[in-house]
Amino acid sequence: MLPQDMLTLGTKRSVIRELFEYGKMRKAIVGDDKVYDFSLGNPSIPSPKEVNEAVKELLDTQDPIILHGYSSAQGDANVRKTIAEHINKLHGTNINADNIYMTCGAAASLCISLRALLLQGEEVIIFAPFFPEYVVFAEGQGGKAKIVPPRADFQPDLQAFEEAINESTKCVIINSPNNPSGVVYSEETVKTIAEIMNRKSQQLGKELFLITDEPYRELVYDKDTVVPYVTKYYKNTLVCYSYSKSLSLPGERIGYIVVPDEVTDSKNVYASVCGAGRALGYVCAPTLFQQVIAKCVDCVSDISAYKKNRDLLYNGLTQLGYECVKPDGAFYLFVKTLEEDSVAFCEKAKEYDLLLVAGDGFACPGYMRISYCVDEKTIVNSLPAFKALAESYKK
Ligand code: PLP
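These lines cover the structure that appears in this document, whether it is placed above or below.

What counts as what
Residues numbered from 1 in each chain as written. Predicted model: local features only at pLDDT ≥ 70, side-chain atom pairs only at ≥ 80, totals over all residues. Heavy atoms only, no water. Helix = DSSP H or I, 4+ residues; strand = E, 2+ residues; numbered from the N terminus. Contact = heavy atoms within 4.5 Å. Phe/Tyr/Trp six-rings, centres within 6.5 Å; stacked < 30°, edge-to-face > 60°. Lys NZ or Arg CZ within 6 Å of the ring centre and 35° of its normal. Pairing = 2+ DSSP bridges. Salt bridge = Lys/Arg side-chain N within 4 Å of Asp/Glu carboxyl O. Buried < 20%, exposed > 50% of the residue type's maximum accessible area, 1.4 Å probe, protein only.

## Some words on the environment of Pro 156
Mapping Pro 156 onto the fold places it in the loop between strand 4 (144-148) and helix 8 (158-164). Between the alpha carbons of Pro 156 and Val 190 there is a distance of 9.9 Å; along the sequence they are 34 residues apart. Here Pro 156 is in contact with Phe 127, Arg 151, Tyr 185, Thr 189 and Ile 193, once residues within four sequence places are set aside.

## Structural notes on the packing of aromatic side chains
The final tally for this structure, using the stated rule, is 18 aromatic pairs. Across from the ring centre of Tyr 393, 5.1 Å away, lies the NZ or CZ of Lys 348, which sits over that ring. For the cation-ring pair, Lys 350 lies above Tyr 22, with the distance from its terminal atom to the ring centre recorded as 4.4 Å.

## Considerations on the side chain of Asp 213
Considering the arrangement of structural elements, one finds Asp 213 in strand 6 (residues 209-213). When sequence neighbours within four positions are dropped, the list of residues in contact with Asp 213 reads Ala 106, Leu 110, Tyr 134, Ile 173, Ile 174, Asn 175, Ser 176 and Cys 240.

## Notes on unusual backbone geometry
Looking along the chain, the bond that leaves Ala 128 and enters Pro 129 is cis, with omega of -5 degrees. As for its placement among the helices and strands, Pro 129 is situated in the loop between strand 3 (123-127) and helix 7 (133-140). Note the cis peptide between Asn 179 and Pro 180, where omega equals 20 degrees. Position of Pro 180 among the secondary structure elements: in the loop between strand 5 (169-174) and helix 9 (187-204). Look at Cys 284: it is not a glycine, yet its phi comes out positive at around 55 degrees. Within the element layout of this structure, Cys 284 appears in the loop between helix 10 (266-280) and helix 11 (287-295).

## Observations regarding the sheet that holds strand 9 (residues 332-336)
Spatially, the three strands line up as an open sheet ordered 9-12-11, and their pairing is antiparallel. Each edge of the sheet is formed by a strand with only one pairing partner; in this case those strands are strand 9 and strand 11 (357-358). The pairing of strand 11 with strand 12 (residues 367-371) spans two bridges and is classified as antiparallel. When the sheet's bridge partners are listed, Ala 358 is paired in strand 12 with Met 368.

## Let's talk about the pattern of salt bridges
One pass over the full model with this rule turns up 24 salt bridges. Across the salt bridge formed by Glu 21 and Lys 24, the nearest N and O atoms sit 3.5 Å from each other. With Glu 21 and Lys 24 both in helix 2 (residues 15-30), this residue pair falls three residues apart, about one helical turn. The salt bridge involving Lys 295 is made with Glu 57; its shortest N-O contact spans 3.4 Å. Placement of the pair is Lys 295 in helix 11 and Glu 57 in helix 3 (residues 49-61), with a sequence separation of 238 residues. Owing to a relative accessible area of 43%, Lys 295 belongs among the partly exposed residues under this scheme. Residue Glu 57 is classed as partly exposed on the basis of its relative accessible area of 40%. A single network of salt bridges, built from pairs that share partners, joins Asp 222, Lys 307, Arg 310, Asp 311 and Lys 326.

What follows is the structure, encoded as C-alpha cells:
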C-alpha cells in the first residue's frame, strides 16, 4: 500500500507543467516561433554577470573538498552573516546570522516554516489568487488551507480575512509581489494585516504567524513602488526568500528563512525551523551557491526586459479589449477570460497556439495567467493570435 495523497500528487502533473509539456510537443510540430508559451514562471533574463564570475572564481580558487562539502545544517555561518548584514542595510532591521536558515529555494523555505509552526490540523490562511503549491505545502505539513476569496483588484479582502481567523488558525501566507496577479501590497495593507492579526491574536489568546513568501521582492517596475519589509510591521513574521527569480537561479535551489528576534519565543521557533529542515531532509542548502550568494549579495538583475514585456503585453491586450489589473511587479499578467469558464477559454486559446494558464488553479476561475518572462518577440508575435482569439468570441 502506498499513501494515496502522495500517489495522487505524483501522478497528476500540475496544470502548468502539463501545458508546458504540451507546448514542447506542439513546437516540435509547428516550429518554436509559432507557439506562444506563457505557461511557466522560468526567468528569461540571464543572471547578473557577477554570478558566473563568482562561480568561476570559487571553482578556481577554493578547496573543492570544502566547496562541494557539507556546510552546517542551517547554512554556512559567514554566508548567513553576510545575508543578515545585507538585509539590515536595505531595511534597517536588526538581524544576525542566527536568525537565518539557508534553504533550497522558496518552496523549501515555505515547507520548513509551515512544518516548524503547524500542529496537526491547524489552519493556514491564504489569499486568492495564490501560487497553487501553497495548498500542497500546507496540507503536506499537516495543516489545512483556508482560502480568502479575491477582490476585483486582487488586493487582499481584509474584512473577509478577519472573519476567516478562528481558534484553529496558526499561519497566514502573503505573497507580494504576487504570483499570479503581479499586485504589490502597500504599506497601508501590511499595517492593516498586522493590526488584524494582533487583535485576533489577543482575542484568541494564541500566537498567529505571518509567513511572507518573497521570491519576487526585487521584481518591481516603478521607482515609487515600495515593497514593505514585513518583519517591521508584525513581530511574528517569518520571511521566506529565494534567489530563483531575483537572480534568475531557479535551478540552483537557493534561498533562506528569516526568524527575527522579535518573534515570540524566537530561539525555539528557530530551533523548530532547524528541526523541520532536518525532518524534511532540507539541511545544508547547496554549498557552492551559498558561497556564490555571499559574493553576489548586493547584485541586482537588469529587469528592464520584464518591464518592457509587461508594458507591451498590458497595452496590447487592453487595446484588444481584454481586462486586466496593471501589475506592479513579478512577471505575470492575470487577465479576465472572455468566457466564464476559464478552462474552456484556455483550451480554445490552444487552437491559436496561445498557452495560457486557467485561473482555476489559482482559486480564481474566470481569469488566465500569462507569464511574460519570455522573449520580447514572443509577445509581439502573439498579439495577432490574441486578436484572433478575441474576435472568435464576437462571432
Ligand atoms: N512562491 C511563489 C509565489 C512562486 O511563484 C514560486 C515559484 O514560482 C515559489 C514560491 C517557489 O520558488 P522556488 O523556485 O524558489 O522554490
